[in-house]
Amino acid sequence: MILAAHDIRFGYQRRPVLTGASLELDAGELVCLLGINGAGKSTLLRIMLGLQRPEHGLVTLDGAPLTNWSRRQLAQLVAYVPQVHIAPFPYTVAQVALLGRLPANGLFRAPGSADLDCVHGVLAQLGIAHLAKRVYTEVSGGERQLTLIARALAQEAQLLVMDEPLAGLDYGNQIRLLDRLERLAADGYGVLMTTHDPNQPLSGCQRVALLIDGSVAAQGAPAEVLTPAAIYRLYGVSVDLLRTADGREIAFRPVATAQ
Amino acid sequence: MTEIASTSAPYAPSTATARMLWLVAPVLALAAALAALSFGAYPVPVWEVMHFLLAYAGLAAMEPDRYALLYNLIVEIRLPRVLAAILVGAALSVSGASYQALFRNPLVSPGLLGVLAGASAGAAIGILLDGNWFLVQAGAFLMGLAAVGIGVGIAHLFGGGSIIMLILGGILSGALFSTLLTVMKYLADPYSQLPSIVYWLMGSLGQANIDDMAWAAVPMLLGILLLCFMGRALDALAMGDDEARALGVPVKTVRLVTIATATLISALTVSIAGMIGWIGLIVPHIARLLMGPGNSRLLPAAACLGAAFLLIADSFARNFFSTELPIGIVTELLGIPVFLFVLSRVRRGWT
């Protein structure tokens with residue numbers, strides 16, 4: 001099951017955002033998409049989810065254009081995990097996750113006990129079963145993000161597309177969430193996420209893609225793609241890449257500028 | 001296993017207490033209907049109302065003279081009004097609850113897109129033209145629909161039909177029809193037509209006769225039912241357009257069907273009973289306190305509670321003063337303390 005964007009072009013009011021971006025997501029891999037603010041990361045994700053029509057280019061799922069799939073079929077194969085938000089009404093964590101059963105049931109069939117078991121299963125899998133009865137608007141940001149991921153898992157989609165899942169989370173929650181995402185990839189899910197922290201994909205992810213000037217300028221294994229030169233090209237800042245004694249790359253640090 | 005047992009409750013609304021909660025709203029509506037049939041200038045005890053209803057259905061015997069008296073009193077005088085209260089209360093509450101979910105805003109009422117402003121202007125024009133009751137009703141209904149059509153049209157022409165443009169479109173269209181209403185008031189004969197317009201705007205269930213009700217009742221009941229079936233789709237929409245779409249929900253269709261249905265039944269309530277405020281705003285909150293925010297349970301509960309609320313308000317309007325109060329005044333008077341109470345309870349869910 002491969003979700004692939006081919007040569008996507010898109011602009012907002014004649015300001016081009018994407019100028020021929022191509023990106024793929026396969027089951028079993030964690031892919032990180034890096035880019036500066038306004039680079040079009042979210043736009044590319046929305047186009048890959050079929051939420052926005054590209055001006056040019058094609059998105060395919062399993063070889064067939066997205067437009068050939070019905071929304072409901074699509075929702076059973078590809079799930080969207082948005083940035084953490086506040087719902088306007090006090091739904092419980094379980095109710096939010098239960099929405100993930102909509103694609104399977106349709107709008108007019110009430111969820112049955114199999115659906116409830118499924119939701120309980122994914123909440124337990126993500127370690128938030130104890131939050132089921134809590135109000136979604138009252139749990140922490142990290143717990144809300146996990147709830148949205150639980151909803152995506154309840155869709156039983158194999159591919160998960162996440163828009164900045166780490167944004168707004170504290171350091172501990174970032175690390176715990178990344179650990180979950182790596183485990184999901186190991187379990188056979190394909191996870192595509194955007195991130196602002198180039199240190200984070202140095203370990204744990206299979207592929208890094210850099211979105212520069214509207215197209216994916218480089219992609220591949222983190223060790224190949226994430227170099228100080230690439231970081232300079234991406235963000236315009238000079239960094240050193242720190243390594244452990246045995247040569248593993250662990251972090252970028254800013255180069256101290258000469259006074 | 002113990003963990004499963006302790007956490008399965010929130011997924012399973014079929015626990016004993018949840019099933020009881022489910023009954024509260026319909027039972028309340030039924031009790032309010034019986035009470036409304038028994039209270040009045042000539043009080044009939046509730047048990048006798050029930051006895052009469054059984055006799056009416058052919059299930060019990062009743063003395064013919066008494067039966068004839070009660071038939072006149074209950075079926076001919078009180079029942080049209082009770083049915084009007086049930087339909088209008090249920091329709092306004094369900095529309096309000098649907099709008100709140102659709103616009104992701106708990107402070108929204110069915111008038112948001114201009115249906116009430118349009119209906120008022122339409123009724124005023126009807127009164128000015130010749131004051132014939134049918135013309136007033138038809139004017140209210142059609143201009144209510146027209147106002148929402150203009151609001152939604154503006155939203156689609158200028159903003160692709162996004163939520164914020166719908167609200168702005170509704171404000172513009174509401175302002176247009178409010179101005180039109182002011183013009184009609186200015187043009188109206190200050191001794192005959194102007195008071196009619198003012199009284200009409202206060203709302204009344206007393207105008208309802210069974211023939212008018214008959215043509216309005218079918219579309220209203222169908223509309224209420226249709227909205228009740230939209231619950232799960234509205235839950236998804238409450239999360240945001242993109243998320244609902246990614247969950248396989250046809251967002252534009254759901255939004256248009258919901259707006260069209262809610263507008264249609266709101267416009268029909270206006271043509272039956274004039275302007276009745278507050279119900280569409282507060283009853284959904286009461287229903288949410290009772291049933292939680294899940295719309296597939298909230299919407300039917302809102303319908304029953306709305307019917308009960310308006311029946312109770314109408315009983316006040318009819319019985320507490322020597323002359324009948326306009327129902328719109330009573331719903332506002334009752335609405336303010338109820339809303340204060342609800343506010344103190346629900347605020348924690350808002351942010």
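Residues numbered from 1 in each chain as written. Chains lettered and ligands numbered in written order. Predicted model: local features only at pLDDT ≥ 70, side-chain atom pairs only at ≥ 80, totals over all residues.

### Topic: helix 10 (residues 231-238) of chain B
Working step 1: Burial runs high along helix 10 of chain B: eight of the eight residues are buried.
Working step 2: B:Gly231, B:Arg232, B:Ala233, B:Leu234, B:Asp235, B:Ala236, B:Leu237 and B:Ala238 are the residues of helix 10 of chain B that are buried.
Working step 3: Next to the buried residues of helix 10 of chain B lie helix 4 (102-105) of chain A together with helix 4 (64-102), helix 9 (210-229), helix 11 (241-246), helix 12 (251-273) and helix 14 (295-319) of chain B.
Working step 4: Positive backbone phi, at 125°, marks B:Gly240, one or two positions downstream of helix 10 of chain B. (Buried ≥ 20, exposed ≤ 12 C-beta atoms within 10 Å, placed from the backbone. Helix = DSSP H or I, 4+ residues; strand = E, 2+ residues; numbered from the N terminus. Contact = placed C-beta atoms within 7 Å.)

### Quick look at the interface of chain A and chain B
It is common to give the size of an interface as the accessible area that goes away when the parts come together.
Working step 1: Each partner contributes to the interface: chain A provides 36 residues, whereas chain B provides 32 residues.
Working step 2: At the level of secondary structure, the elements contributing two or more residues to the side of chain A that touches chain B comprise helix 2 (71-75), strand 6 (78-81), helix 3 (93-98), helix 4 and helix 5 (113-125) of chain A.
Working step 3: It is helix 2 of chain A that provides the largest number of residues to the side of chain A that touches chain B, a total of four residues.

### Re the sheet that holds strand 10 (residues 215-220) of chain A
What links the strands of a sheet is backbone hydrogen bonding, and the strands pair in either a parallel or an antiparallel sense.
All names here are of chain A.
Working step 1: Across the sheet, which stays open at both edges, the six strands sit in the order 6-7-8-3-9-10 with mixed pairing between neighbours. Among the strands making up the open sheet, the edge pair consists of strand 6 and strand 10. In this sheet, adjacent strand axes meet at a mean angle of 20° when their direction is disregarded.
Working step 2: Bridging between strand 6 and strand 7 (residues 159-162) involves four bridges; their strand directions are parallel. Within strand 7, the residue paired with Ala79 across the bridge is Leu160.
Working step 3: Those strands touched by helix 9 (residues 228-235) are strand 3 (30-34), strand 9 (207-212) and strand 10, and its axis lies near 35° from that of strand 9. (Pairing = 2+ DSSP bridges. Axes fitted to C-alpha atoms, helices over the stretch in contact; angles between N-to-C directions.)

### Section: the confidence of the model for chain B
Residues and elements named next belong to chain B.
Working step 1: Within chain B, residue pLDDT values average 86, and 93% of them lie at 70 or more.
Working step 2: Here helix 1 (residues 2-7) stands out as the element of chain B with the lowest mean pLDDT, 36, in contrast to helix 10, whose mean of 94 is the highest.
Working step 3: Contacts of residues 1-14 to residues separated by more than four positions or lying in other chains number 21 contacts, the stretch itself having pLDDT below 50.
Working step 4: For this predicted complex, the interface confidence reaches an ipTM of 0.90, while the overall pTM sits at 0.88. (pLDDT = per-residue confidence, 0-100.)

### Details of the pairing of strand 1 (residues 2-12) of chain A
On a regular strand, one side chain projects to one face of the sheet and the next to the other, so that they alternate.
Residue and element names in this part refer to chain A.
Working step 1: When strand 1 meets strand 2 (residues 15-26), the two strands line up antiparallel, connected through nine bridges. Paired with Ile8 across the two strands is Ala21, which belongs to strand 2.
Working step 2: Counting the residues between successive antiparallel strands, the hairpin from strand 1 to strand 2 contains two residues, one of them, Gln13, with a positive phi of roughly 45°.
Working step 3: As paired elements, strand 1 and strand 4 (residues 56-61) share five bridges and run antiparallel to each other.

### Some details on the environment of B:Ser162
All names here are of chain B.
Working step 1: Residue placement: Ser162 occurs in the loop between helix 6 (133-159) and helix 7 (163-187).
Working step 2: For Ser162, a count of 13 C-beta atoms within 10 Å gives the class partly exposed.
Working step 3: The spatial distance from the C-alpha of Ser162 to the C-alpha of Val152 is 9.9 Å, given a sequence separation of 10 residues.

### Regarding the sheet that holds strand 4 of chain A
Residues and elements named next belong to chain A.
Working step 1: Taken together, the four strands give an open sheet; going across it, the order is 2-1-4-5, and neighbouring strands pair in antiparallel fashion. Two strands close off the open sheet at either side, each with one partner strand: strand 2 and strand 5 (64-65).
Working step 2: Against the sheet, helix 1 (residues 41-48) engages strand 1, strand 2 and strand 4, with an angle of about 125° to strand 1.

### Notes on the packing of helix 5 (residues 115-129) of chain B against helix 8 (residues 193-202) of chain B
All names here are of chain B.
Working step 1: Relative to each other, helix 5 and helix 8 sit at 150°, their axes nearing to 10 Å. Here helix 8 runs roughly antiparallel to helix 5, going by the angle between their axes. Along this stretch, helix 5 crosses helix 8, giving a crossing that reads as right-handed. The segment helix 5 lies against helix 8, with Ser120, Ala123, Ala124, Ile127 and Leu128 engaging Gln193, Ser196, Ile197, Trp200 and Leu201.
Working step 2: For the contact of helix 5 with helix 8, the class distribution of residues is seven nonpolar, three polar and no charged. (Parallel < 35°, antiparallel > 145°, perpendicular 65-115°, else oblique. Left-handed = near helix turned anticlockwise from the far one by under 90°. Nonpolar A, V, L, I, M, F, W, Y, C, P; charged D, E, K, R; others polar.)

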